[in-house]
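A look at the structure
Below are the chains, spelled out letter by letter.
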Amino acid sequence: MEEWISQMQGFINTPEKLRRIINPTPEELKAINTLDTRWGTTPYFAALMDPDDPCCPVRRQIIPSLKELENTYGIKNYLMFHENRTVDPERPDCIARQYQDRVAFTVTDTCASYCRHCFRREVVVDQRLKLRFDLDQGIKWIKKNKEIKDVLVTGGDPFLLSDQLLGDLITQLRQIDHVRMIRFGTRTIINLPQRITQDLMEILGDFHRVPIWINTQCNHPKEITDKTARAVFDLLRCGVNVGNQAVLLKGINDDVDTFRELHQKLVYTRIRPYYLFYCEAAPGIDHFRTGVEKGSQLIRDGLQGHTTGLARPTYVIATNIGKIPLMGNDYMIEKTEKEYRLRNYLGEETILPNIPDEQ
Ligand code: SF4
């Protein structure tokens, strides 16, 4: 049996299995036994948890918390709002749309970890929102809508589909003339790197008119192991680039040192930091949210000038009208008709000429 399948079969999702790996606190056990929610992860990812520290950044992303019952700032029916699901009755459940040329195509609601901060938790984690993810319906809709050039295959985690299903899906998407790129959103590189098998590499790899891009989600340096590095290298070898979409999480990656270490370790592992997402307004995750300015402050204080620009993600908030960049401008102090006064990360200033648009 392939290792990734035995990892999924050994899924850690009961108190008994959990006790073999960590010493859960009474609060954690109460949350597990009280909340009506899917939870758990692979034995591989569970082994990264600190057995004795409930504040461990991996542990906090995996083990349910009673704080999920509180909701002051989250929006009810968040996914219906965020993914504009009431706007176009013709659009199948598996297709979410915010832009003219690209869509998110949800192919499963199963994951290799049920992240406690998931913004799609109504469908994936708590499963109160029942949607139908019909692959044939999705392909048919994409074929019909000729303005769609870029398909983001998402979930749940699409890499939990069998090789056969993934291969068929990629072939069908590549046969649509107007589709120019396929993207996958998968956390398996982080929580199930064993999924990047030779067979999967053959399905994803090789030169093709329609390239495949992958974005994963890594939120803390502890999540990156030698196995992650190997999985990323294997993907690159078969022509697939890997980016990261971190989520800004209170108490997990919202301090300068952790934030810098995360982004440096990503580039050292050949993963390009793509986005830093503000933790969205989904219900039950208030305890993960920081102030909005925090993300741009961390990029300014943790990355700018301290490490390569390749390590710097774009900070955004995802909304129902698309992603909004949240980068503060801390570097231009003054602009006159003649010049710009600029400041670097050390607080040093310089002056450069302002070139008028029309000369
Ligand atoms: S892997 Fe993605 S979809 Fe699945 S629970 Fe985590 S954040 Fe949500």
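As a convention, each chain's residues are numbered from 1 in the sequence order in which they are written. Since the coordinates come from a predicted model, pLDDT governs what is reported: local features require at least 70, and pairs of side-chain atoms require 80 or more to be given and counted, while whole-chain, interface and lining totals use all residues. Excluding hydrogens and water, the side-chain values take into account all heavy atoms of the structure.

Turning our attention to the environment of Leu-135. As for its position among the elements, Leu-135 is in helix H8 (residues 135-144). Separated by 99 residues in sequence, Leu-135 and Asp-234 have C-alpha atoms that sit 27 Å apart. For Leu-135, the residues in contact, after removing those within four places along its chain, are Phe-105, Val-107, Leu-161, Leu-165 and Leu-169. Strands here mean DSSP runs of E at least two residues long; helices mean DSSP runs of H or I at least four residues long; both are numbered from the N terminus. What makes two residues a contact is simply this: any of their non-hydrogen atoms within 4.5 Å.

Now for the domain arrangement of the protein. The domain boundaries here were taken from an automatic or database domain assignment. When cut into domains, the protein gives domain 1 (3-325) and domain 2 (329-359). One C-alpha centre belongs to domain 1, the other to domain 2, and the line joining them spans 38 Å.

With that settled, the discussion passes to the pattern of salt bridges. Whenever a carboxyl oxygen of Asp or Glu lies within 4 Å of a side-chain nitrogen of Lys or Arg, that contact is scored as a salt bridge. Summed over all chains, the structure comprises 19 salt bridges. When the shortest N-O distance is used, the salt bridge between Asp-109 and Arg-38 registers 3.8 Å. With Asp-109 in the loop between strand S2 (102-106) and helix H7 (121-124) and Arg-38 in the loop between helix H3 (26-34) and helix H4 (43-46), the pair connects residues that are 71 residues apart, well separated along the chain. Note on exposure labels: buried denotes an accessible area under 20% of the residue type's maximum, exposed denotes more than 50%, and partly exposed covers the range between, all computed with a 1.4 Å probe on protein chains only. Judged by relative accessible area, which is 24%, Asp-109 ranks as partly exposed. Close ionic contact of Arg-121 with Glu-68 constitutes a salt bridge, the shortest N to O distance being 2.8 Å. With Arg-121 in helix H7 and Glu-68 in the loop between helix H5 (57-62) and helix H6 (78-82), the pair connects residues that are 53 residues apart, well separated along the chain.

Here the focus is the nonpolar core. Phe-105, Ile-142, Leu-173, Ile-182, Phe-184, Leu-204 and Ile-214 are the most contacted members of the largest nonpolar core, which totals 77 residues. When sequence neighbours within four positions are dropped, the list of residues in contact with Ile-142 reads Ile-95, Phe-105, Ile-148, Val-151, Leu-173, Ile-176, His-178 and Val-179. Counting 8 residues, the second-largest nonpolar core is a separate cluster that includes Cys-279, Ala-282, Ile-285 and Phe-288. For the purposes of this section, nonpolar cores are sets of buried Ala, Val, Leu, Ile, Met, Phe, Trp, Tyr and Cys residues that join through side-chain atoms within 4.5 Å.

Position of Asp-286 relative to the elements: it lies in the loop between strand S7 (272-277) and helix H14 (294-303). N or O atoms closer than or at 3.5 Å make up a polar contact, with two conditions inside protein: a donor-capable atom paired with an acceptor-capable one, and, for residues adjacent in sequence, both atoms drawn from side chains. Here Thr-72 takes part through its backbone nitrogen, which lies 2.6 Å from a polar atom of the side chain of Asp-286. Discounting residues that sit within four places of it in the chain, Asp-286 has contacts with Glu-70, Asn-71, Thr-72, Tyr-73 and Gly-74.

Attention now moves to the packing of aromatic side chains. Centre-to-centre distance and the angle between the planes together describe a pair of aromatic rings. Pairing of aromatic rings covers Phe, Tyr and Trp, the last counted by its six-membered ring, and requires centre-to-centre distances within 6.5 Å; plane angles under 30 degrees mean stacked, over 60 mean edge-to-face, and any other angle means tilted. Counted by the stated rule, this structure contains 5 aromatic pairs. Aromatic side chains Tyr-78 and Phe-81 sit 6.1 Å apart centroid to centroid with 50 degrees between the ring planes, which places their arrangement in the tilted category. In this pair, Tyr-78 and Phe-81 both sit in helix H6, 3 residues apart, roughly one turn of the helix. Residue Tyr-78 is classed as buried on the basis of its relative accessible area, which comes to 3%. Joined through ring pairs, the aromatic side chains of Tyr-274, Tyr-275 and Phe-277 make up one cluster. Placement of a positive charge over a ring is assigned whenever Lys NZ or Arg CZ falls within 6 Å of the ring centre and within 35 degrees of the normal to the ring plane. A cation over an aromatic ring shows up here: Arg-102 above the ring of Tyr-99, its NZ or CZ 3.8 Å from the ring centre.

Bringing helix H9 (residues 163-174) into the picture now. To estimate how far a helix should reach, multiply one less than its number of residues by 1.5 Å. With 12 residues, H9 should reach 16 Å at 1.5 Å per residue; the first-to-last C-alpha distance of 16 Å fits that figure. Check the buried side of H9 and you find it contacts S2, H8, strand S3 (150-154), strand S4 (181-185), helix H11 (198-204) and strand S5 (212-216).

Angles run from 0 to 180 degrees between N-to-C directions of axes, and those axes are lines fitted to C-alpha atoms, restricted for helices to the stretch in contact. For the pair H8 and H9, interaxial distance at closest approach is 11 Å and the crossing angle is 15 degrees. Between H8 and H9, the angle is such that the two are roughly parallel. In the crossing of H8 with H9, the sense of the turn from one axis to the other is right-handed. Residues Leu-135, Ile-139 and Ile-142 of H8 lie in contact with H9, whose contacting residues are Leu-165, Leu-169, Gln-172 and Leu-173. Under the convention adopted here, Pro, Cys and the residues Ala, Val, Leu, Ile, Met, Phe, Trp and Tyr are nonpolar, Asp, Glu, Lys and Arg are charged, and Gly plus all remaining residues are polar. Among the residues forming the contact of H8 with H9, the class breakdown is 6 nonpolar, 1 polar and no charged. Note on terminology: angles under 35 degrees are roughly parallel, angles over 145 are roughly antiparallel, angles of 65 to 115 are roughly perpendicular, and the others are oblique. A crossing counts as left-handed when the near helix is turned anticlockwise from the far one by less than a right angle, and as right-handed when that turn is clockwise.

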